[in-house]
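In case you want the letters, here they are:
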Amino acid sequence: MATNPVQAPRFFARYQPTVDRALRSELKRYTIGVLDTHRYHMGWADSNGDATRATQGKRLRPTMTLLGADAVQGDLRLAIPVAVALEYVHNFSLIHDDIEDRDRFRHHRPTVWVVWGEATGIVSGNSMLKIADRATRDLAALGVPTAMLVQVQRVIADAYLRMIEGQYLDIEFENRDLVSINDYLAMIERKTGALIEASLYLGALVAGDGAPNDELSDGLRRAGYEFGRLFQIRDDMLGVWGTDETGKPVGGDIFNKKKALPAVHALNVAKGASSDRIRAIYRKPELDDEDVRDVLQIMDDCGTQEYCDTMSAQHWSAASRIIEDLDLNPQIRNDLNELGEFLVERIA
């Protein structure tokens, strides 16, 4: 897997100052102590509460929300509370995921539960979710009709319920010997895809004319659906074939016995002794380096990486066709194409 740096789409820089300012401003409304964990998790402070310049993530979802607003040539201000809400919902899920997956590091720093303990990690995630809910109320002050505010809140609530369902399925997969490709796709379109799909759609919806079935906002929703799958497929590949440059060790997801796409493919495709070996490995309580090497070899024999590349290309092709058919100005069309290419090729 190539490790040459893949630059984020240029339009990210257009929105990042607005996104960062809005996210920080939302937390300034509150004085509760748990905000120290939020600022730490978001990369704005160290564990002592002192300001820092730690890695802060891609801010993909809020950036896509603002892009959706610009795609319909709408009022960007109306999309900002939605962008804030979606990013905080996403980060609520990351704080809890780290506890559930026993992940001790995120962006090369100890995770919230490692620094403050599991109980505080749970409270931190819960409070961040409610901060997300509170953020959407700003739409009323911006003159958004009550019916639209309710619609936005309903879509966000539906998205994070789908996300939680996907996380449940991901955990449940750990107890299965076999997971089908269709089961896997159903899981990722919930766990990862729900918020990404909602991002473009809600940005267009709230900043546009308010028609929930408008052809353009619905088209952006469908493109977002494909982007969600693209993101997670690439993430799964990086979890197996990452390098030091990516921040993800080779075989990391294998060592943790994650039933991500590479494992799902190999478990279903391997034959004979290879099938017996990989299934035996995934039944073990803990894996060692030899187990990881064996699984990587079985994946190589099964053409697993090529399969993942092909699936990624298919979803990018589907997204590209949707984008091509939409009535977009050339700049936004180019932005969406850059986003798709980035999601296919990113290394972190």
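Before reading on, note that the structure itself is shown above.
How each quantity is defined
- Residues numbered from 1 in each chain as written.
- Predicted model: local features only at pLDDT ≥ 70, side-chain atom pairs only at ≥ 80, totals over all residues.
- Heavy atoms only, no water.
- Helix = DSSP H or I, 4+ residues; strand = E, 2+ residues; numbered from the N terminus.
- Rg over C-alpha atoms; globule rule 2.2 N^0.38 Å.
- Buried < 20%, exposed > 50% of the residue type's maximum accessible area, 1.4 Å probe, protein only.
- Areas by Shrake-Rupley, 256 points an atom, 1.4 Å probe, with all protein chains shown as cover.
- Expected span 1.5 Å × (residues − 1).
- Arc of directions from axis to C-beta.
- Phe/Tyr/Trp six-rings, centres within 6.5 Å; stacked < 30°, edge-to-face > 60°.
- Lys NZ or Arg CZ within 6 Å of the ring centre and 35° of its normal.
- Patch = residues over 30% accessible without salt bridge, like charges linked within 9 Å, V, L, I, M, F, W, Y side chains within 5 Å.
- Salt bridge = Lys/Arg side-chain N within 4 Å of Asp/Glu carboxyl O.
- Lys, Arg positive; Asp, Glu negative; His and termini not counted.
- Charge placed at Lys NZ, Arg CZ, Asp CG, Glu CD.
- Contact = heavy atoms within 4.5 Å.
- Axes fitted to C-alpha atoms, helices over the stretch in contact; angles between N-to-C directions.
- Parallel < 35°, antiparallel > 145°, perpendicular 65-115°, else oblique.
- Left-handed = near helix turned anticlockwise from the far one by under 90°.
- Nonpolar A, V, L, I, M, F, W, Y, C, P; charged D, E, K, R; others polar.

(A) A look at the overall build of the chain. A tally of regular secondary structure across the chain gives 17 helices and two strands. The globule rule puts the C-alpha radius of gyration for 348 residues at 20 Å, and the 20 Å found for the chain is close to it. Overall, the chain is about 65 × 50 × 35 Å in size when its C-alpha atoms are taken along their principal axes. Burial status across the chain gives 52% buried among its 348 residues. Accessible surface, the chain: about 15500 Å² in total, of which carbon and sulfur atoms supply 49%.

(B) Structural detail: helix α15 (residues 289-302). Between its terminal C-alpha atoms α15 stretches 20 Å, which fits the 20 Å expected from 14 residues at 1.5 Å a residue. D291, V292, V295, I298 and M299 are the residues of α15 that are buried. Within α15, the buried residues cover an arc of 125° as seen down the axis, which keeps them to one side. Of the exposed residues in α15, the ones pointing more than 90 degrees away from its buried face are D289, R293, D300 and D301. Of the residues one or two after α15, G303 is the one with positive phi, at around 70°.

(C) Local environment of the packing of aromatic side chains. On inspection of all chains with the given rule, the structure shows five aromatic pairs. A connected cluster of aromatic rings, assembled from ring pairs, spans F11, F12, Y15 and F342. The side chain of R61 reaches across the aromatic face of F231, ending 5.6 Å from its centre. Sitting above the plane of the W113 ring, R102 keeps its charged end 4.3 Å from the centroid.

(D) Spotlight on a negative patch on the surface. A cluster of acidic residues, D300, D301, E306 and D309, forms a negative patch on the protein surface. Every element with two or more residues in the negative patch is listed here: α15 and α16 (304-325). You can call D300 exposed: its relative accessible area is 53%.

(E) Summary view of the environment of H107. Summarising the element assignment, H107 is placed in the loop between β1 (105-106) and β2 (109-110). Distance in space between the C-alpha atoms of H107 and S199 is 23 Å, their sequence separation being 92 residues. If near-sequence neighbours (up to four positions away) are discounted, H107 is found in contact with T55, Q56 and G57.

(F) Spatial organisation of the pattern of salt bridges. This model, assessed by the stated rule, comprises 30 salt bridges. Residues D138 and R29 are paired through a salt bridge, measuring 2.2 Å at the closest nitrogen-oxygen approach. Linking D138 in helix α7 (residues 138-141) with R29 in the loop between α1 (11-27) and α2 (35-42), this pair joins segments that are 109 residues apart in sequence. For D138, a relative accessible area of 22% corresponds to the partly exposed category. Accessibility expressed as a relative area gives 39% for R29, which makes it partly exposed. Salt-bridge contacts for K191 lead to D170; the nearest nitrogen and oxygen are separated by 2.7 Å. Placement of the pair is K191 in helix α9 (residues 181-191) and D170 in helix α8 (residues 146-173), with a sequence separation of 21 residues. Of the residues examined, D170 reaches a relative accessible area of 6% and is grouped as buried. Several salt bridges converge on common partners, so that one network encompasses R162, E197, D218, R221 and R222.

(G) Quick peek at the packing of α9 against helix α11 (residues 215-241). For the pair α9 and α11, interaxial distance at closest approach is 9 Å and the crossing angle is 110°. When the axes of α9 and α11 are compared, the pair comes out roughly perpendicular. For the pair α9 and α11, the sense of crossing is right-handed. Mapping the contact onto sequence places Y184, L185, I188 and E189 in α9 and Y225, R229, Q232, I233 and D236 in α11. Of the residues that constitute the contact of α9 with α11, the class distribution is five nonpolar, one polar and three charged.

(H) Inspection of unusual backbone geometry at higher detail. For R102, which is not glycine, the phi dihedral falls at a positive 60°. Examined against the element boundaries, R102 turns out to sit in the loop between α4 (76-101) and β1. One non-glycine residue with positive phi stands out, namely H107, at about 55°.

(I) Summary view of the environment of R137. In this structure, R137 sits in the loop between α6 (118-135) and α7. On the accessibility criterion, R137 (52% relative accessible area) is exposed. Through-space distance from the C-alpha of R137 to that of L149 is 7.6 Å; in sequence the pair is twelve residues apart.

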